[in-house]
Each structure stands twice: as structure tokens, then as C-alpha cells.
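What follows is the residue order along each chain.
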Amino acid sequence: MKASTRYVDDSVKGFITWSIIWGTIAVVVGIVISLQLAWPQLNVAPYLTYGRLRPIHTNAGIFGWGIGSFIAMFFYITQRLTKTPLWSPKLARVTLWIFNVAIASAAVTLAMGINRTKEYAELEWPLAIVVAILWVLFSINVFMTILKRKEEQMYISLWYIMAALVGVTVLYVVNNLGMPLHLFKSYSAFAGTNDANVQWWYGHNAVAMVLTVPPLAIFYYFLPKITNNPIYSHRMGIIAFWSLIFMYLWTGAHHLLWTPVPDWIQTVAMAFSIMLIAPSWGAVMNGYLTMNGQWEKMKSNYLVKFMIVGITFYGLQTLQGPMQAVRSFSAFIHYTDWVPGHVHMGTMGWVSMILFGATYYVTTTLSDTEIYSIKLANAHFWLVLVGQLIYSITMWIAGVQQGSMLLATNPDGTLHYSFMETMIAIFPYYKIRAISGFIYLAGLALFIYNIYKTFQKGAESSVAKA
Amino acid sequence: MLEKNPVIFIILAFVVIMIGTTITMIAPFKWINSDSDKIAEVKPYTPLQQEGRDLYMREGCNNCHSQTVRTLAADVERYGNGGGYSKSGEFVYDRPHLWGSRRTGPDLARIGLKPLTPAWHKKHMENPQSVVPASNMPSYAFLNQPLDTTYSERKMKLLKFPYTQADLDELKGKSEMDAIIAYMRKLGTDIPVKNAGAAVQAPVAQSNPYTDLKAVEEEAKAIYKQQCASCHGEKREGTLGPALKGSTKSETDLFKIISQGSTANGMPAFSSSLDEQKIWKLVTYIKLDTK
Ligand code: HEM
Ligand code: HEM
């Protein structure tokens with residue numbers, strides 16, 4: 001029965017542990033910067049000013065929590081789907097070391113102000129190279145495991161995994177090209193409008209290849225496991241897969257609407273963003289239809305809750321995103337707090353919910369035991385859900401309010417509100433958002449405690465058995 | 001076959017990814033930053049300005065400030081400062097671009113065109129709340145430290161910007177604050193400005209056409225808030241500039257000062273950003289309590 005003995009899972013456990021640590025740091029820094037926006041006196045020292053902390057928050061969130069967990073899950077899933085042990089357990093352990101060194105150095109250098117400023121590609125060139133090496137080593141390990149597999153068929157999750165391996169490599173390398181001045185400073189290889197266009201080709205596909213494709217791979221694997229039901233349609237999954245990875249690459253310029261980037265690129269981006277609804281909802285419907293006839297599990301199985309609520313937020317996210325990509329709507333909400341509302345529905349809702357569910361599942365299988373407390377897991381679920389909803393909803397309201405005030409003009413064409421009037425109007429929302437961060441953090445604390453206790457329980461029972 | 005051959009699968013996935021990439025990301029290099037969007041007046045950064053730009057990056061000002069005026073009317077009105085919307089040719093020397101994705105604070109693409117003096121910038125950077133009380137911009141008083149110029153010349157060479165010995169000499173004794181202010185004052189200034197009231201040298205109408213404050217109050221207050229409050233205080237009580245409440249100067253003198261400024265002493269000239277009517281409305285507003 002104890003299948004896990006055949007597989008090499010120490011690195012899975014290592015990555016889970018460390019991604020949770022970095023995720024917690026991301027959330028704590030997130031709370032700090034949300035407080036700074038409401039109370040600027042909290043910018044107490046140069047390395048703790050908002051401008052330096054915000055990139056630490058996004059990097060710890062996306063790279064530390066996101067990528068760290070994806071590596072754990074990819075190692076775990078790939079072995080099971082190929083019925084093959086990991087190609088090189090040693091390499092996996094080295095990868096974990098490099099991962100932690102890279103994220104820790106990222107935090108330190110960003111605090112020092114060593115920063116390329118390109119969003120989600122802020123790390124200076126020596127660190128960017130380390131990250132690239134890390135990713136390639138990880139990719140080789142996963143890919144070799146797939147090559148050597150014992151199970152001939154490749155389940156849809158493996159498709160998503162391989163696409164992420166290739167996609168991230170191409171994107172990351174290109175957007176990081178630069179001219180080094182010295183060890184801690186380089187200038188972008190691209191200038192001005194070109195640089196902006198490359199950046200958002202990268203930026204939006206970081207959303208695709210990091211915050212969409214890997215969680216989908218994880219979702220497609222764990223939902224059937226958790227519900228004991230096969231995925232509704234493998235074929236639908238495959239069609240959605242190819243259209244998704246085809247369309248995403250055309251949409252970068254929806255971050256650059258009304259800017260000097262050539263109009264036709266903007267129009268193409270707008271059109272493809274809307275078309276993206278189809279493959280995105282292909283995945284959502286696949287999830288929902290898998291639940292057919294067993295929706296009562298939403299109540300009886302705590303893991304189903306995380307998965308289904310997660311995919312629902314993905315569905316909402318992929319309706320809201322295309323809306324934001326329409327020129328007229330973008331004019332209104334671009335640059336405002338609406339966008340952080342969108343971002344955190346995706347990161348705190350979609351990505352994190354799926355990861356919470358998957359982490360619970362993997363922890364219990366690796367420990368070969370039941371979860372320490374389902375009650376705590378349920379409390380965790382509600383706290384992070386409420387925290388995230390308050391965050392997103394307040395920011396959407398703030399964004400619409402500020403957006404409409406900023407655009408309001410008098411009959412003679414002059415502006416109706418000064419910039420500061422629009423800002424004073426949204427301070428209350430900043431304060432509520434900070435509170436929502438604490439609620440989310442409380443949920444996260446329960447999650448960590450539960451995972452810790454479950455691992456401990458597993459260790460005790462395996463000692464008892466031995 | 002695809003279900004079974006990971007190598008072919010990976011190659012195919014790569015090709016699929018590269019289609020959109022080639023068309024929307026690689027191909028545009030042919031048009032962008034070419035002769036077609038060139039603007040002759042746009043000049044590269046001086047060593048001091050480039051140092052300022054690097055500090056802007058170090059401090060992550062781009063997390064709160066964008067640097068592109070969109071083609072929307074409200075954007076042009078709010079952030080254009082007379083220079084209109086941003087054009088591609090203005091950014092050819094920007095490595096990387098600093099367009100940003102959030103406007104927690106105002107757009108800075110044309111901040112150099114805004115009538116703000118170095119003294120204003122310094123005060124604002126050191127303590128933003130002393131100038132704009134509700135601002136949430138952090139204090140950057142720590143930039144009052146000597147500028148590290150070790151790499152200044154190498155930067156010019158690497159970026160292929162022309163420079164002279166005089167440009168390098170300019171760096172001597174400068175603080176980080178000076179550099180960032182020099183950068184702020186350069187932003188957007190290369191572009192030919194459409195002068196709202198260029199012809200206004202001396203008052204054309206010799207006397208104030210607006211004798212009734214009530215009629216112009218709302219508009220005058222709005223202009224004052226946008227253009228003057230940061231130096232003269234929300235209630236005209238005076239901060240960086242003197243109090244304007246109950247000024248004893250004559251209306252014509254006030255007009256002259258506002259349109260031509262007293263630039264040496266830190267009062268900018270508004271003749272290029274405000275037309276004659278607006279200036280007269282401000283005069284009416286200043287004279288409010290003495291009437
Ligand atoms: C069909 C799918 C999607 C489309 C078309 C889409 C569209 C957009 C657009 C147009 C923006 C720019 C908003 C602005 O600045 O005006 C944006 C921002 C963003 N979206 Fe989405 N979105 C989609 C799905 C997602 C998902 C699933 C995530 C997952 C977390 C996500 C994460 C983000 C992030 C992180 C940003 C902020 C980028 C930045 O400005 O730094 N999006 N999205
Ligand atoms: C309690 C939880 C969190 C809080 C309080 C929080 C707070 C914040 C704040 C204040 C910002 C700056 C928004 C602005 O520009 O005005 C931000 C941005 C961002 N956060 Fe979070 N955050 C949290 C969780 C997360 C997590 C878990 C992730 C990723 C996995 C994440 C990813 C991001 C990203 C990508 C941005 C940049 C958004 C953009 O460019 O528009 N955050 N967050």
C-alpha cells in the first residue's frame with residue numbers, strides 16, 4: 001500500500017517547507033507595504049521604504065511561494081504520472097539549495113536597491129543567471145524523468161508541466177538580456193518602447209507560464225485524485241491546452257494600451273485577450289463537469305473546497321482579465337487599485353487555493369497519515385477566502401472611484417479633481433485592505449500549524465510502526 | 001504520437017509559443033526606435049541626469065510613478081504639462097523604460113515641464129507631507145549624501161551617450177539629491193511645448209476683467225489647488241513661498257509676478273502653462289480678503 005517508498009520525495013518535502021516559509025514572508029511584507037500606503041511614516045529606513053519592499057513582496061510571492069511550490073508539486077506529480085522515480089534525487093537536492101540561496105539573495109539585494117525595475121524580472125544579472133540555471137537544472141530533472149518513464153501515456157498534467165518548462169526558460173532569458181556595468185548594475189539590452197514591449201510580452205506570459213499553466217497542471221492532477229473521479233474530458237483538456245499556449249503570447253500589449261506602442265499591437269493584444277476566455281473556461285468547465293453527481297463533496301471533503309473555489313477564481317480572473325484588456329475599460333482602471341484587486345484574486349485566490357489543497361494532499365500522502373485537523377483546515381479555508389475577498393472587493397471599489405475621479409472633466413475641458421483629492425478618497429480602502437491582510441495571515445498561520453502537526457504525526461506513526 | 005513522445009512535444013510547444021512572440025514581440029523591432037518615430041529634439045542624459053535616473057531605479061520610484069502620458073484627453077490635461085501625450089521617440093535613450101504599471105502617485109513623464117523649482121523638489125523629497133500634507137510618498141531625506149561618481153563616465157560609454165569634461169566636472173560635490181532633482185527637471189523637457197500663453201509678456205488687458213469673485217471662485221480655487229497650493233499652502237497661508245492671503249500688491253503687479261515669476265527666488269513663471277484669463281482669475285482669488 002505504501003507507494004511513496006518507490007518515489008524520491010525528500011526534495012518534495014524540502015520545497016514544500018521552504019515555499020511556505022517564503023510565502024509567509026511575502027504575505028508579511030505585503031501587509032507592511034499595505035500599511036505604508038495608508039501611513040507613510042512607516043517608511044522607517046532606506047531599505048524598508050515602499051519602493052524597495054514592494055519588489056520583495058512580489059518576488060517572494062511569485063518566485064518563493066509560487067515557483068517553490070510548483071517545483072515541489074512537479075517533482076511529486078511527474079514521478080506518479082510516469083510511475084518512475086525522480087531521475088536525479090541529488091540534483092533535486094542541489095536545486096533546493098540554489099533555490100533558497102537565490103530567493104534569499106533576491107531579498108537582500110532588492111532591499112539594498114539593486115534592482116533592474118522591470119516587473120517580475122527585477123534581479124540583477126548575476127542573480128538572474130542563477131535563477132536561469134536553477135530553472136534549467138529543475139527542467140532537466142523533470143524532463144529526464146518523463147523520458148525514462150514506465151507509463152507510456154502522458155496525462156494532460158505532464159503537457160502543462162513541459163510547456164511551463166519551455167515557456168519560462170524562453171521568457172526569462174530574453175527579458176533579462178542586458179549590458180552589465182559591474183557586478184551589481186546592468187542596463188537593459190532594449191531601449192524605450194521596445195523595452196516596454198519586451199517587458200510586457202514577458203510580464204503577461206509570466207502570468208501565463210507561472211501563474212496559470214503550473215496551477216492548471218496541479219489542478220488536473222489533484223482534482224481526480226481527491227474526488228476519485230476521472231477528469232471529465234481529456235480531449236477538451238488538450239484542445240484548451242494548445243489554444244491557451246498559442247494565444248497567450250499575443251496579449252502582452254494589453255498592459256500598454258494607449259501608450260506609444262504601435263496601435264496594431266495593442267489591437268491584436270485586445271483581440272487575443274478576449275479569445276482567451278475560451279481555453280480558460282475550457283479548464284474551468286472540465287473541473288466543474290468532473291464534479292458532476294458529487295457536488296455534495298464540497299461539504300464533506302475539505303480538499304474539494306480548495307480546488308473548486310480555486311478554479312472558480314480562475315474562471316472569474318479570466319473573465320475580468322479580458323475585460324481589462326478592452327481599450328475603453330483600460331482607460332478607466334489602468335494604473336489604479338483595480339489592478340491589485342485583479343492580481344490578488346489570482347494570486348491569493350486561484351494560485352494559493354490550489355496550492356493549499358495540493359499541499360494538504362501531498363503532506364498527508366507523504367506522511368502516510370490523516371490530516372491533523374480537518375476543523376483547522378476548514379477555518380483556514382474561510383479565513384483566507386474572506387481575507388482575499390475583502391482585499392479584492394475594496395480595491396475594485398477604490399479603483400473605480402479613483403479612475404472615475406481622475407477622468408472627470410469640467411465642461412471647458414479642465415480637470416474636476418486634483419490628484420490629491422482622488423487619493424484622499426481611497427485612503428479608507430487602503431486601511432480596510434491592510435485589515436484583510438491580517439485575516440489572510442491568520443488563515444495562513446492555521447495552515448502552517450496543521451501541516452507541521454501532520455508531518456509530526458506521520459513521523460511519530462512511522463517510528464511506532466518500525 | 002504526441003501523447004507518447006516528449007521530445008517532439010517540447011519542440012512543438014516551443015514553435016507554438018514562438019508564433020505570437022515573433023509577430024508581436026520580435027517583428028516590431030523593425031518599426032520601433034527607427035527613423036519613423038525619431039524626434040530630433042530628444043537628447044540623451046547628461047552624467048548627472050543618468051546618475052539621477054539610476055537612483056530613481058534604486059529607490060523603486062517606478063512602483064508608485066508611471067512615465068507615460070496616455071493619449072487620453074484627461075491624461076494629457078493632468079500630466080501633459082503642455083507637452084501633450086508621450087511619443088515613442090522620446091524614450092529612445094531609456095534603458096530600461098520606466099513607464100511603470102501603477103499610479104499611486106502622479107505620472108512623471110513631463111514633470112520637468114511643471115513649474116517646480118529645485119528648492120521645491122528638495123523640500124518635497126525630504127518631507128513630502130510638508131508640501132502635500134495627505135501624500136503617502138516616503139521621505140527621501142537620506143538622499144542628502146554624496147553622490148558616488150565612480151562609474152559615471154563608464155555609464156556614458158556603455159550607453160553610448162555623448163559627454164564632455166564639463167559634464168563630468170558638473171558631478172563634483174553633488175549629492176544624490178542633486179542628481180535625482182536634475183533627472184526630474186529633465187523629464188519631458190526635450191519636447192517642443194505648446195505655449196498656452198506664450199504671448200503674455202506684460203498684461204494685455206491692463207485691468208482685471210473679473211471683478212466679481214463669486215463668478216470665478218470655483219475655477220480659480222481649482223487652478224490654485226493644482227498649481228499654487230504646493231508652495232503657497234492650501235489656504236494661501238504660505239509654505240515654501242510667502243503667504244498670499246491679503247496681499248497688498250496691486251492687481252497688475254500680481255499678474256506680472258504670476259506670469260513672469262521671480263525665478264531666481266523660486267517663484268516659477270506661469271505664462272506658458274496658464275492663459276491670461278486663468279491668471280486674472282487667480283489674481284481675483286488672491287485679492288479675495290482685501291476687497
Ligand atoms: C484570460 C486571462 C487573463 C487576461 C486576459 C488578463 C488580463 C490582464 C490585464 C489586461 C492586465 C493589466 C491591467 C492594467 O494594468 O491595466 C492584467 C494584470 C495582471 N494580471 Fe491578469 N489577466 C488574465 C488572467 C490572469 C491570471 C490567471 C492571473 C493569475 C494570477 C493574472 C495575474 C495578473 C497580474 C499579476 C497582473 C499585474 C501585472 C502588473 O501590472 O504588474 N491574470 N491582467
Ligand atoms: C495578505 C496578503 C497580501 C497583502 C496584504 C498584499 C499586499 C500587496 C500590496 C499592498 C501591493 C501593492 C499594490 C499597489 O501597487 O498599490 C501588492 C502587490 C502585489 N502582490 Fe500582494 N499582497 C498579499 C499577498 C500576495 C501573494 C500571496 C502574492 C503572490 C503569490 C502577491 C503578489 C503580488 C503581486 C504580483 C503584486 C504586484 C501587483 C501589480 O503590479 O499590480 N501578493 N500586494
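Provided above is the structure to which this section pertains.
Residues numbered from 1 in each chain as written. Chains lettered and ligands numbered in written order. Predicted model: local features only at pLDDT ≥ 70, side-chain atom pairs only at ≥ 80, totals over all residues. Heavy atoms only, no water.

Visitor: A description of the interface of chain B and chain A should follow, citing residues and the corresponding values.
Guide: Contacts between the two partners involve 78 residues from chain B, matched on the other side by 92 residues from chain A. Approximately 7,700 Å² of surface area, both sides summed, lies buried where chain B meets chain A, with 67% of it carried by carbon and sulfur atoms. At the surface where chain B touches chain A, the tally comes to four salt bridges. Taking the shortest distance from any N to any O, the salt bridge between D337(A) and R102(B) comes out at 2.9 Å. (Contact = heavy atoms within 4.5 Å. Buried area = accessible area lost by both parts, 1.4 Å probe. Salt bridge = Lys/Arg side-chain N within 4 Å of Asp/Glu carboxyl O.)

Visitor: For the coordination of the iron atom of ligand 1, give the residues involved together with the corresponding values.
Guide: Here the protein supplies the iron atom of ligand 1 with just one donor, H342(A) (NE2), and that contact is 2.2 Å long. Tracing the backbone shows H342(A) in helix α14 (residues 338–367). (Donors = N, O, S within 2.8 Å, 3.2 Å for Na, K, Ca; no water. Helix = DSSP H or I, 4+ residues; strand = E, 2+ residues; numbered from the N terminus.)

Visitor: So what's going on with the site of ligand 2? Residues and values would help.
Guide: Lining the immediate environment of ligand 2, one finds 28 residues, of which R54(A), H57(A), E119(A), H344(A) and R102(B) sit closest. Positioned at a junction of chains, ligand 2 has nearby residues supplied by chains A and B. Here an oxygen atom of ligand 2 sits 2.8 Å away from a polar atom, N or O, in the side chain of R54(A). Between ligand 2 and R102(B), the relevant distance is 2.9 Å, taken from an oxygen atom to a side-chain nitrogen or oxygen of the residue. Counting only elements with at least two residues in the shell around ligand 2, the list comes to α1 (10–38), α2 (50–82), α14 and α16 (419–465) of chain A. Top element by residues in the shell around ligand 2 is α2(A). It accounts for seven residues. Residues of the shell around ligand 2, tallied by class, amount to 14 nonpolar, nine polar and five charged. (Near = heavy atom within 4 Å. Polar contact = N/O pair within 3.5 Å; in protein donor to acceptor, adjacent residues only side chain to side chain. Nonpolar A, V, L, I, M, F, W, Y, C, P; charged D, E, K, R; others polar.)

Visitor: Lay out helix α9 (residues 263–275) of chain A with the relevant residues and their values.
Guide: For α9(A), built from 13 residues, the straight-helix expectation of 18 Å at 1.5 Å per residue is met to within 8% by its first-to-last C-alpha distance of 19 Å. For α9(A), the full list of buried residues reads I265(A), Q266(A), A269(A), M270(A), F272(A) and S273(A). Those residues of α9(A) that are buried lie in contact with α6 (192–209), α8 (234–247), α10 (277–290), α12 (302–324) and α13 (327–333) of chain A together with α1 (6–26) of chain B. (Expected span 1.5 Å × (residues − 1). Buried < 20%, exposed > 50% of the residue type's maximum accessible area, 1.4 Å probe, protein only.)

Visitor: Explain the packing of aromatic side chains to me, and be specific about the residues and the numbers.
Guide: Summed over the entire model, instances satisfying the criterion amount to 49 aromatic pairs over all chains. For the pair Y160(A) and Y220(A), a centre-to-centre distance of 5.5 Å together with 25° between the ring planes defines the contact as stacked. A residue pair is termed long-range when its members are at least 10 positions apart, and Y160(A) in helix α5 (residues 156–175) and Y220(A) in helix α7 (residues 213–227) qualify at 60 residues. Taken together through their ring pairs, the aromatic side chains of W65(A), Y302(A), F306(A), F356(A), Y360(A), F381(A), W382(A) and F447(A) make up a single cluster. Lying across the ring of Y76(A), R80(A) places its NZ or CZ 3.8 Å from the centre. Between the NZ or CZ atom of K87(B) and the centre of the ring of Y85(B), over which it lies, the distance is 4.7 Å. (Phe/Tyr/Trp six-rings, centres within 6.5 Å; stacked < 30°, edge-to-face > 60°. Lys NZ or Arg CZ within 6 Å of the ring centre and 35° of its normal.)

Visitor: Describe in detail the packing of helix α4 (residues 125–147) of chain A against α1(B), supporting the description with residues and values.
Guide: Orientation of α4(A) relative to α1(B), taken along the N-to-C sense of each, is 135°, at an axis distance of 10 Å. In terms of axis orientation, α4(A) runs oblique to α1(B). Residues F143(A), I146(A) and L147(A) of α4(A) pack against P6(B), V7(B) and I10(B) of α1(B). The residue inventory of the contact of α4(A) with α1(B), partitioned by class, reads six nonpolar, no polar and no charged. (Axes fitted to C-alpha atoms, helices over the stretch in contact; angles between N-to-C directions. Parallel < 35°, antiparallel > 145°, perpendicular 65-115°, else oblique.)

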